[in-house]
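# Commentary on secondary and tertiary structure
So you can see what is in the structure, the chains are spelled out below.
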Protein chains: 2
Amino acid sequence: MSPEEFRRQGHAAIDWIADYWASLDDLPVRAQVAPGDVRRQLPASAPEAGEPFDAVLADLDRVVVPGLTHWQHPRFFAYFPANSSPAAILGDLLSSGIGAQGMIWATSPAVTEVEQVVLDWFAEALGLPEDFRSDGPGGGVIQDTASTATFTALLAALHRASGGEVRRHGLGDAGWRVYGSTQAHSSLVKAAIMAGLGEDAVRAIGVDPLTQAMDLDALRAAIEADVELGLTPVLVHLAAGSTSTGAMDDVVGAGRIAREHGAWVHVDAAWAGVAAVCPEHRAHLAGVESADSFVTNPHKWLLTTFDCSTFWVRDRAALTGALSILPEYLRNAASESGEVVDYRDWHPQLGRRFRAIKLWAVLRTYGLEGLRAHIRSGVELAAHVADLVAADDRFEMVTEPSLSLVVFRLTAGDEQTLAAMEEVNASGEAYLSHTTVEGRAAIRLAVGSWRTTEADVDRTWRALQEAAAAQD
Amino acid sequence: MSPEEFRRQGHAAIDWIADYWASLDDLPVRAQVAPGDVRRQLPASAPEAGEPFDAVLADLDRVVVPGLTHWQHPRFFAYFPANSSPAAILGDLLSSGIGAQGMIWATSPAVTEVEQVVLDWFAEALGLPEDFRSDGPGGGVIQDTASTATFTALLAALHRASGGEVRRHGLGDAGWRVYGSTQAHSSLVKAAIMAGLGEDAVRAIGVDPLTQAMDLDALRAAIEADVELGLTPVLVHLAAGSTSTGAMDDVVGAGRIAREHGAWVHVDAAWAGVAAVCPEHRAHLAGVESADSFVTNPHKWLLTTFDCSTFWVRDRAALTGALSILPEYLRNAASESGEVVDYRDWHPQLGRRFRAIKLWAVLRTYGLEGLRAHIRSGVELAAHVADLVAADDRFEMVTEPSLSLVVFRLTAGDEQTLAAMEEVNASGEAYLSHTTVEGRAAIRLAVGSWRTTEADVDRTWRALQEAAAAQD
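What this report covers is the structure whose coordinates are included nearby. Here the structure is a predicted model, which means the values were calculated and not measured.

## Regarding the relation of the copies chain B and chain A
For these two chains of identical sequence, chain B goes onto chain A by a turn of 180° and a shift of 0.0 Å along the axis, with RMSD 0.0 Å. The operation mapping one copy onto its partner corresponds to a two-fold rotation axis.

Shown next as structure tokens:
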């Protein structure tokens, strides 16, 4: 592909995206395909001769788009929306176009230094403690996902708790134990499995039935019982915004208990953390100043194309101690000087793309004012949903709204709740997801897109009302 | 940013990339900055008000480009080049623009099905065994990097060897042991550390001093000695193209020994595997038909923008058994039908972008013929370098050329070898990296870019000759 051809096709790809976004309102949110529908439209083998790039664009329209659930649709309210934005798309494009690989500072210094600067900016914007900035013993890094952040936090915790023994000789027989509430993200169990601790090592601590926040007495009892048995508490995982209902664990109280026993405190604010760009939405992060690590995902609610998960540690030595590897071919004067950070040692991967450009582009293009307005809009729309729920006695709230997440159900029962949701999802009008709270089914509606308006919420609500009526 | 503004800025970003690529020949390959040079040019805080996107582009020119080592430069020969291409950049752009998140089939079916199809295409194109295709018990997935592939292979191996006990109860006291040559990629040790086995669990097997390939007698002896001690061999890592010299382990012979002891065979062909698109460059993959897992990185030598690491397993049940987690909010009818694959269970992350588009775009736009021509060009240019080395008695080859990698040194000695390389790197003329082979320093020159011509190689060689002359 010649430079001229790249320009031409690149402009076409940009236009395709602009057209795709413009078309979203009229597309069904959820893909209307059955398993195998997409693959059976594609040839069985790669072509021998090259095809024009236009053929790829044509197949996007013909084969791919009908098989997509549209995460950027203004009426996508399921899971936590993973919101993209024009500035992020272009930032990501520039990263691809530069094609630098920043495994260590020396392999392309700007990749590392822009990331350090952007993480410092973002820490300040969220009101995170000074200790997390790069000019002290801590620092931030962009992970792909919060799952990876939680996993690396666990590895760092094991490293610190074992004084490096785990890294050298393996887990041994310390009986490491990890604590999170019953509402902790599934990545906590996955991290324990990957780290070799096994599912059994994770203690699921009960929650308050109303708030779904971790029961601190139960946490203390579980830790003390384990210590009594000769087991070793290594990490306490706190949800600042759980996946199911947006529940907020008490980071201050739980952190105190964890520290009494020398356990690492990891605050998982994957979804809700970015709300802290607004000073009035920082209450859930109280206590983070004494946490050992913190993660939040700009790729969820902060307009930054997936993936972009920002992760900070108070003491980067525990993290790099756990993960550093130095083969001969990566030895270099800059690393040996101690003046630079080599991000290779901050995550499982060795190679890494220029991860910071898209977040840099988002912070600059929208500015903190623009990002605050975006967060506030989501919170307001969620409050509007809560009003709609309150005004219709076929529905009831399950928990208090949490920022931009509303959890509710049909009073008629679980079966009706799930059937109504499925009817809306199947219609393509909107896309919602479900959960269970205290054993009962509930519908989750999480506002995230900058393109979602009150009209989108109202239209979704009407569809839900009709589906509820059909259940009577 | 309005749709019109997105088009305008998007075209500007595409043009910026085209201009950047056109400028590369005239830029120093290695960044000419000292630690801190980039960050001190950036403001201390994120802006309150948004800035025009043009400001980001302007800062790329002003701050970022001087701080980059240019991985897409035609005279970038260090490490293994991570080659991008126009089609891959645009494929990646489309993935960002669609912004779908394919953690499970149900969250956007085309994300999963296109990936399955593309991995089947690519398996066929590389001549990989039928067992790795998605229509049997195996299958392929795109990992971010080969480090992640090796780590997940180890987790799958532990799962199989323990009958699921490791997942449930942790590593226990089986004394799991992992084997790789002294030349195995550093990600093997990192994987053992992350999985909780510790560095001690990795047995570094000696290599033939000439070929740098694993000594099979030593492998057998190490495994038998461990079994004698009551330890449990769980995985044998074979390099089909080592990082240092491109050494090829004997997959047939080592695989036989591994299987005698029930160990998982993981073939790490991160760099060299993609050469198998050429039937004449498949010899190093002999034996892969009995391997349990295989990884190669289109993001190295196959024109696919970082990251894109293709990973296959013979039995996907071992992998998903090790990694599956099913929280309530991800339960869905498609998953429960067993008719679909949920890629969440194939890697550490939960969320995932539309990973397959860029490889799909590369395979289609260049076609297998175009990719074969690219690989052959790299091999020919490496042979040309070997000829240049042979023709100048200040230089000598260290090992036989391996595909597009040439490893050589100055006959004058280690110090002179490293000094000559550093002189070339510091000049910005070309960028090379070093290694040690049998205790002696060597220069690695790996050809990778589709933009590298014989003139680039000759220009690099002249710079090396001048640097060598300066050492006399």
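## Overview of the pairing of strand S9 (residues 405-410) of chain A
Residues and elements named next belong to chain A. Along S9, 6 of the 6 residues are buried, which leaves the element largely enclosed by surrounding structure. When strand S8 (residues 395-397) meets S9, the two strands line up antiparallel, connected through 3 bridges. By the bridge assignment for S9, Met397 is matched with Phe408. By the bridge criterion, 4 bridges tie S9 to strand S11 (residues 440-446) in an arrangement that is antiparallel.

## A word on the interface of chain B and chain A
Between chain B and chain A, the contact holds 142 residues from the first and 141 residues from the second. Contact between chain B and chain A buries roughly 12400 Å² in total, counting both sides, with carbon and sulfur atoms accounting for 63%. Ranking the residues of chain B by area buried against chain A places Phe6(B), Tyr329(B) and Arg364(B) at the top, with a combined share of 6%. Taken together, chain B and chain A are joined by 16 salt bridges. The partner of Glu51(A) in a salt bridge is Arg364(B), and the shortest N-O contact between them spans 2.9 Å. On the surface where chain B and chain A come into contact, there are 70 residue pairs in polar contact (both at pLDDT 80 or more). When residues in the side of chain B that touches chain A are grouped by element, the largest group, 14 residues, is from helix H1 (residues 3-23) of chain B.

## A word on a negative patch on the surface
Judged by side-chain charge, Asp208(A), Asp215(A), Asp217(A) and Glu438(A) come together as a negatively charged surface patch. Within the secondary structure, Glu438(A) is located in the loop between strand S10 (433-437) and S11.

Rules used in this analysis
- Residues numbered from 1 in each chain as written.
- Chains lettered and ligands numbered in written order.
- Predicted model: local features only at pLDDT ≥ 70, side-chain atom pairs only at ≥ 80, totals over all residues.
- Heavy atoms only, no water.
- Least-squares fit on C-alpha atoms with pLDDT ≥ 70 in both.
- Buried < 20%, exposed > 50% of the residue type's maximum accessible area, 1.4 Å probe, protein only.
- Helix = DSSP H or I, 4+ residues; strand = E, 2+ residues; numbered from the N terminus.
- Pairing = 2+ DSSP bridges.
- Contact = heavy atoms within 4.5 Å.
- Buried area = accessible area lost by both parts, 1.4 Å probe.
- Salt bridge = Lys/Arg side-chain N within 4 Å of Asp/Glu carboxyl O.
- Polar contact = N/O pair within 3.5 Å; in protein donor to acceptor, adjacent residues only side chain to side chain.
- Patch = residues over 30% accessible without salt bridge, like charges linked within 9 Å, V, L, I, M, F, W, Y side chains within 5 Å.
- Areas by Shrake-Rupley, 256 points an atom, 1.4 Å probe, with all protein chains shown as cover.
- Lys, Arg positive; Asp, Glu negative; His and termini not counted.
- Charge placed at Lys NZ, Arg CZ, Asp CG, Glu CD.

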